[in-house]
Amino acid sequence: MNKKTIKDIDVVGKKVLVRCDFNVPQDENGTITDNRRIVAALPTIKYLLEHNAKIILCSHLGRPKGEFNLKYSLRPVAEELTKLLEKKVQLANDVIGESAQNLTSNMKDGDVILLENVRFEPGEEKNDEQLSKQLASLAEIYVNDAFGTAHRAHSSTTGIANYLPAVSGFLIEKELNFLGSALENPERPFVAILGGAKVSDKIGVIEALLNKVNTLIIGGGMAFTFLKAQGHKIGKSICELNKLDLAKELLEKADEKGVKLLLPIDTHVATDYSNEAEDKYVHSQEIPDGWEGLDIGPETVKLFETALQGAKTVVWNGPLGVCEFPKFKNGTYEVAKMLAKLDATTIIGGGDSAAAIEKMGLSDKMTHISTGGGASLEFLEGKKLPGIEALQDK
Ligand code: AMP
């Protein structure tokens, strides 16, 4: 997939509308608790500034359901951007209304304006044609740099591209480079690690990766559906009974394709889904009644570490246990440490595994941490992301 970027188009003096992902976490007072998504957008914004463009930024924040709601205002983002860019970033009071129109019609080269939360507009999530046209009318060029919402066909991610020359920013370019080359041309051995709560969320990814990887490691809550499908006792561990046949099929498919599929061999179990519950380690194939598996055990950590030795490409999505509970974070943390030491291309598919790696201060040790959990999963599944499809080909 080769999409045009802002480097392939003349932006000098032009009004450029950039769709960013400023969907940042905030505390109850609205203070931004993690500015990484804003920082991630800076290379594109700075490039446009260096090329004297007039920059109109837009993003969603939370789920305001199509109406103005101060709680979801992008004002804290405008303030943070002003600090980071050392340049006033003015916030419009609306998305396509009077304020946005006035501000964007009086711009000088190098000005930066942030539109209010696009999801204040009821048409945004419906990919409404009228809204797409109105957004497009504010600018001369459209840049999508919001990888986190590229799997959603909304007005500001997809519809707008029907009415303006549309290219990607540097963040989307980077995501496509890393995720794309992992899938198209991975250096081998290629190992994927999948965890998280549910098999049903990851069926597509498992199926797609079975055609690509040498080894597939499955941990987290989803492993129990596979263990049960093999006929093992899983106690009261999380399990999707309606996915047992599918799990069997996937195990057979792995076998046919010569993919080594690894499941946990020992499990850290508890009497309840709680950090305070009584806990112990048991064989993963014989989890006693009344106990549930909340993390992989030390033998499994060793097994997974051995499987990762010598890997040249690793893709990881989803924690290997309930890593929000300190007592059950060990499996996820040990595997993260192992990845940090590997001489391999390591790609983390956003979400909880990325958060765990950040918490451990290991982010710099990974080759690429995707900014889009859902979007990276869909990409790895081989699905076409509407926000990327809408951009011009090179
Ligand atoms: P996902 O969004 O599918 O990647 O799932 C992430 C969630 O899976 C995290 O909140 C983990 O707490 C949860 N999870 C991981 N392992 C388990 C487990 N053994 N039992 C229940 N939940 C789990």
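Parameters and conventions
- Residues numbered from 1 in each chain as written.
- Predicted model: local features only at pLDDT ≥ 70, side-chain atom pairs only at ≥ 80, totals over all residues.
- Heavy atoms only, no water.
- Helix = DSSP H or I, 4+ residues; strand = E, 2+ residues; numbered from the N terminus.
- Rg over C-alpha atoms; globule rule 2.2 N^0.38 Å.
- Contact = heavy atoms within 4.5 Å.
- Areas by Shrake-Rupley, 256 points an atom, 1.4 Å probe, with all protein chains shown as cover.
- Lys, Arg positive; Asp, Glu negative; His and termini not counted.
- Charge placed at Lys NZ, Arg CZ, Asp CG, Glu CD.
- Near = heavy atom within 4 Å.
- Polar contact = N/O pair within 3.5 Å; in protein donor to acceptor, adjacent residues only side chain to side chain.
- Phe/Tyr/Trp six-rings, centres within 6.5 Å; stacked < 30°, edge-to-face > 60°.
- Lys NZ or Arg CZ within 6 Å of the ring centre and 35° of its normal.
- Pairing = 2+ DSSP bridges.
- Core = buried A, V, L, I, M, F, W, Y, C linked by side-chain atoms within 4.5 Å.
- Buried < 20%, exposed > 50% of the residue type's maximum accessible area, 1.4 Å probe, protein only.
- 1 Å grid on protein atoms, 1.4 Å probe; cavity = no way out; pocket = protein on both sides within 12 Å on 5 of 7 lines; lining within 4 Å.
- Points joined across faces, edges and corners; volume = space filled by probe spheres on them.
- Salt bridge = Lys/Arg side-chain N within 4 Å of Asp/Glu carboxyl O.

A. Fine view of the overall build of the chain. Along the chain, the regular secondary structure elements total 13 helices and 17 strands. The globule rule puts the C-alpha radius of gyration for 394 residues at 21 Å, and the 23 Å found for the chain is close to it. Across its three principal axes, the chain shows a C-alpha extent of roughly 70 × 45 × 35 Å. Restricting the contact set of the chain to residue pairs at least 6 apart, pairs at least 24 apart contribute 72%. When the accessible area of the chain is evaluated, it comes to approximately 16900 Å², of which 45% is carbon and sulfur surface. With 47 positive and 56 negative side-chain charges, the chain shows a separation of 2 Å between the mean positions of the two kinds.

B. Broad picture of the site of the ligand. Around the ligand lies a shell of 17 residues, among which Ala197, Lys202, Gly221, Gly293 and Glu324 are the nearest. At 2.9 Å from a nitrogen atom of the ligand is found a main-chain nitrogen or oxygen belonging to Gly293. One of the side-chain N or O atoms of Glu324 is found 2.4 Å from an oxygen atom in the ligand. Relative to its unbound accessible area of 500 Å², the ligand is 83% covered by the protein chains.

C. Layout of the packing of aromatic side chains. Scanning the model with the defined rule gives three aromatic pairs in all. Directly above the ring of Trp291 sits Lys280, whose terminal nitrogen or CZ lies 4.4 Å from the centroid. In this arrangement the basic side chain of Lys329 is found over the ring face of Tyr333, its NZ or CZ atom lying 5.0 Å from the centre.

D. Quick peek at the sheet that holds strand 16 (residues 345-348). Across the sheet, six strands lie side by side as 10-8-7-15-16-17; this open sheet has parallel pairing. For this open sheet the edge positions go to strand 10 (260-262) and strand 17 (368-369), each flanked by a neighbour on one side alone. In the sheet, strand 15 (residues 313-317) pairs with strand 16 via four bridges, with the strands oriented parallel. Of the residues in strand 16, the one forming a bridge with Val315 is Ile347.

E. Spatial organisation of the nonpolar core. Judged by nonpolar contacts, the single largest core of 46 residues is most densely connected at Phe147, Ile206, Leu209, Leu216, Ile218, Phe226 and Leu263. Counting only elements with at least two residues in this core, the list comes to helix 5 (170-184), strand 7 (190-194), helix 6 (203-210), strand 8 (215-218), helix 7 (223-229), helix 8 (244-257) and helix 12 (373-380). One finds Ile6, Val18, Leu81 and Leu91 within the second-largest nonpolar core, a separate group that totals 33 residues.

F. Looking closely at the side chain of Thr44. Position of Thr44 relative to the elements: it lies in helix 1 (residues 36-50). Overall, the relative accessible area of 1% leaves Thr44 in the buried class. Sequence-distant contacts of Thr44, defined by excluding residues within four places in its chain, comprise Ile6, Val18, Val143, Asp145, Gly169, Phe170 and Leu171.

G. The environment of Gly123, seen in detail. With respect to the element layout, Gly123 can be found in the loop between strand 4 (112-114) and helix 4 (129-136). Between the C-alpha atoms of Gly123 and Leu49, which are 74 residues apart in sequence, the distance is 30 Å. When near neighbours in sequence (up to four residues on either side) are disregarded, Gly123 contacts Asp128, Leu131 and Ser155.

H. Up close: empty space enclosed by the protein. The final tally for this structure, using the stated rule, is one cavity of 30 Å³ or more. By volume, the largest cavity is sized at about 40 Å³. Lining the largest cavity are Asp21, Arg37, Ala40, Ala41, Asp145, Leu171 and Thr371. A per-element tally of the lining of the largest cavity places helix 1 first, with three residues.

I. Up close: the pattern of salt bridges. Inspection of the entire model under this criterion finds 16 salt bridges. The partner of Lys337 in a salt bridge is Glu334, with the nearest N and O atoms 3.1 Å apart. Here Glu334 and Lys337 lie together in helix 10 (residues 330-341), a separation of three residues that amounts to about one turn. One salt-bridge network, held together by shared partners, links Asp34, Arg36 and Glu358.

J. Up close: unusual backbone geometry. Backbone torsion omega between Arg188 and Pro189 reads 0°, so that peptide bond is classified as cis. By secondary structure assignment, the location of Pro189 is in the loop between helix 5 and strand 7. Within the chain, Lys65 stands out as a residue other than glycine whose phi angle is a positive 60°. Mapped onto the secondary structure, Lys65 falls in the loop between strand 2 (54-58) and helix 2 (75-85). Phi is positive for Glu86, close to 55°, though the residue is something other than glycine. Glu86 gets classed as exposed once you look at its relative accessible area, which sits at 74%.

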